[in-house]
Amino acid sequence: MTLGGDLKPGDPIVILTGAGISKESGLATFRDADGIWAKVRVEDVATPEAFRANPVRVHDFYNARRRQLQEAHVEPNAAHQALARLEREWPGPVLLVTQNIDDLHERAGSRNLIHMHGELLRGRCEDCGTVHDWPGDMSLSSPCPACGRSSVLRPHVVWFGEMPLEMDRIYAALDNCALFLSIGTSGNVYPAAGFVQEVKLQGTGHTVELNLEPSEGATLFDETIHGPATRVVPDYVGRLLNAHAAA
Ligand code: APR
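Residues numbered from 1 in each chain as written. Predicted model: local features only at pLDDT ≥ 70, side-chain atom pairs only at ≥ 80, totals over all residues. Heavy atoms only, no water.

### Notes on the overall build of the protein
Inclusion rule: Only DSSP runs of H or I with at least four residues qualify as helices, and only runs of E with at least two residues qualify as strands; both kinds are numbered from the N terminus onward. In this setup the radius of gyration rests on C-alpha atoms only. A globule is expected at 2.2 Å times the number of residues raised to 0.38. Categorising residues by exposure relies on relative accessible area from a 1.4 Å probe, with only protein chains included: less than 20% of the type maximum marks a residue as buried, more than 50% marks it as exposed, and the intermediate range marks it as partly exposed. We call two residues in contact when some of their heavy atoms are within 4.5 Å. Under the convention used here, a 1.4 Å probe and the Shrake-Rupley method define accessible areas, while residue burial counts only the protein chains that appear. Under this rule, positive means Lys or Arg and negative means Asp or Glu; His and the chain ends count for nothing. Charged groups are reduced to one reference atom each: NZ for lysine, CZ for arginine, CG for aspartic acid, CD for glutamic acid.
Within the protein one finds eight helices and nine strands. Taken against the 2.2 N^0.38 rule, which gives 18 Å for 247 residues, the C-alpha radius of gyration of the protein at 18 Å falls within 12% of a compact globule. Reported as C-alpha extents along the three principal axes, the dimensions of the protein are approximately 60 × 35 × 35 Å. Expressed as a percentage of the 247 residues in the protein, the buried residues total 53%. Across the protein, the fraction of contacts at a sequence separation of at least 24, relative to all contacts at a separation of at least 6, is 65%. Total accessible area computed for the protein in this model is approximately 11100 Å², and 51% of it derives from carbon and sulfur atoms. Within the protein, one finds 22 positive and 32 negative side-chain charges whose respective centroids are separated by 3 Å.

### So, the nonpolar core
As a reminder, the rule being used: Take the buried residues of types Ala, Val, Leu, Ile, Met, Phe, Trp, Tyr and Cys, join any two whose side-chain atoms come within 4.5 Å, and each joined set is a nonpolar core.
If you look at the biggest cluster of nonpolar residues, it comprises 27 residues, and the most contacted ones within it are Ile-13, Ile-15, Leu-86, Leu-181, Val-233 and Tyr-236. Those elements that provide at least two residues to this core are strand E1 (13–17), helix H4 (78–89), strand E2 (94–98), strand E7 (179–183), strand E8 (206–211) and helix H8 (229–246). Of all the elements, H8 adds the most residues to this core, at seven residues. If near-sequence neighbours (up to four positions away) are discounted, Leu-181 is found in contact with Val-14, Ile-15, Leu-16, Leu-86, Val-208, Leu-210 and Tyr-236. Counting 18 residues, the second-largest nonpolar core is a separate cluster that includes Ala-46, Leu-104, Leu-121 and Trp-159.

### A short note on the pattern of salt bridges
Inclusion rule: One side-chain nitrogen of Lys or Arg within 4 Å of one carboxyl oxygen of Asp or Glu is enough to make a salt bridge.
One pass over the full model with this rule turns up 18 salt bridges. The salt bridge partner of Arg-149 is Asp-127, with a shortest N-O separation of 3.0 Å. Of this pair, Arg-149 sits in the loop between strand E5 (131–133) and strand E6 (153–157) while Asp-127 sits in the loop between strand E4 (118–125) and E5, and the two are 22 residues apart along the sequence. Here Asp-127 falls in the partly exposed class, since its relative accessible area comes to 44%. The shortest N-O distance in the salt bridge between Glu-162 and Arg-154 comes to 2.8 Å. The network of salt bridges with shared partners includes Arg-41, Glu-43, Asp-44 and Arg-57.

### As for the side chain of Asp-103
For Asp-103, the position within the fold is in the loop between E2 and helix H5 (104–108). Among the residues examined, Asp-103 registers a relative accessible area of 18% and is labelled buried. When neighbours within four sequence positions are excluded, Asp-103 is seen to be in contact with Leu-69 and Leu-121.

### Things to note about the packing of aromatic side chains
Any pair of aromatic rings gets described here by the distance separating the centres and the angle formed by the planes. Our working definition: Ring pairs are drawn from Phe, Tyr and Trp, using the six-membered ring of Trp, whenever the two centres fall within 6.5 Å, and their geometry is named by plane angle: stacked under 30 degrees, edge-to-face over 60, tilted for the rest.
As enumerated under the stated definition, the model contains seven aromatic pairs in all. Both rings, one in Phe-61 and one in Tyr-62, keep their centres 4.9 Å apart while their planes meet at 80°; by these two values the pair is edge-to-face. Each ring, one from Tyr-62 and one from Trp-159, has its centre 6.3 Å from the other, and the planes form 45°; the classification is tilted. One end of the pair, Tyr-62, is in helix H3 (residues 55–69); the other, Trp-159, is in the loop between E6 and helix H6 (167–176), and 97 residues separate them in sequence.

### Some points on the side chain of Thr-185
With respect to the element layout, Thr-185 can be found in the loop between E7 and helix H7 (195–202). On the basis of relative accessibility, which here comes to 12%, the residue Thr-185 falls in the buried class. Setting aside chain neighbours within four positions, we find Thr-185 in contact with Leu-16, Gly-18, Gln-99, Asn-211 and Ser-215.

Written out as structure tokens, the structure reads:
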């Protein structure tokens, strides 16, 4: 079996990423010892109920993360760059599905990208439904650029209890991919944690986990490669492209 299972040039590849791919860019993960949920409760900042109960606290939480994301030292790392290279050089479709709300994949050059948990640098009006780029702070007095109303804007981020975005498109890609890579995610949160089973049950894809340490779902993968993303992802992408260029 060559690298990537029975992958042939032209076959579709689907990639899932989580917070671990952005860790070496200086952004905290959620469930590591120094993660975000070790410092603030999900129930206080990442549910619709939290936003209704205390919108100021929720806006403060996302404003701080928006500012941090735009700090000069926060840049795409070698893992983000490697996935953009794979999309450019692989002779077939490459779909990148990220749970991350940062913009590091875009800044690395990835284009065929789905932010299934939304985007930190965008806001959504709860009244007229429009979505806007929003790099600055957001508050209750921020007016919606489309309808002009205030106290109706929220971060365009999927909270716990809400439906992730573009799920039909994601499942269609999982069911038809020849290779599924899961990178930098703990496998704690569904539906993303179930994508590997979707590939195995509904599709025929070869599944690979690339993570610092075994995730909750590690035993479900055909292959597991453990180490920091900036080492294991560029290495894997380079070997995959070389193996199939030579073929
Ligand atoms: N390289 C590769 N993997 C890493 C690195 C690294 N340098 N550092 C940490 N990791 C791994 C951790 O071992 C862990 O398995 O990244 C994973 C991060 O897991 P989580 O913190 O749970 O983040 P994620 O899986 O993206 O969380 C999923 O949960 O809170 C929600 O909406 C939030 O999108 C998020 C979702």
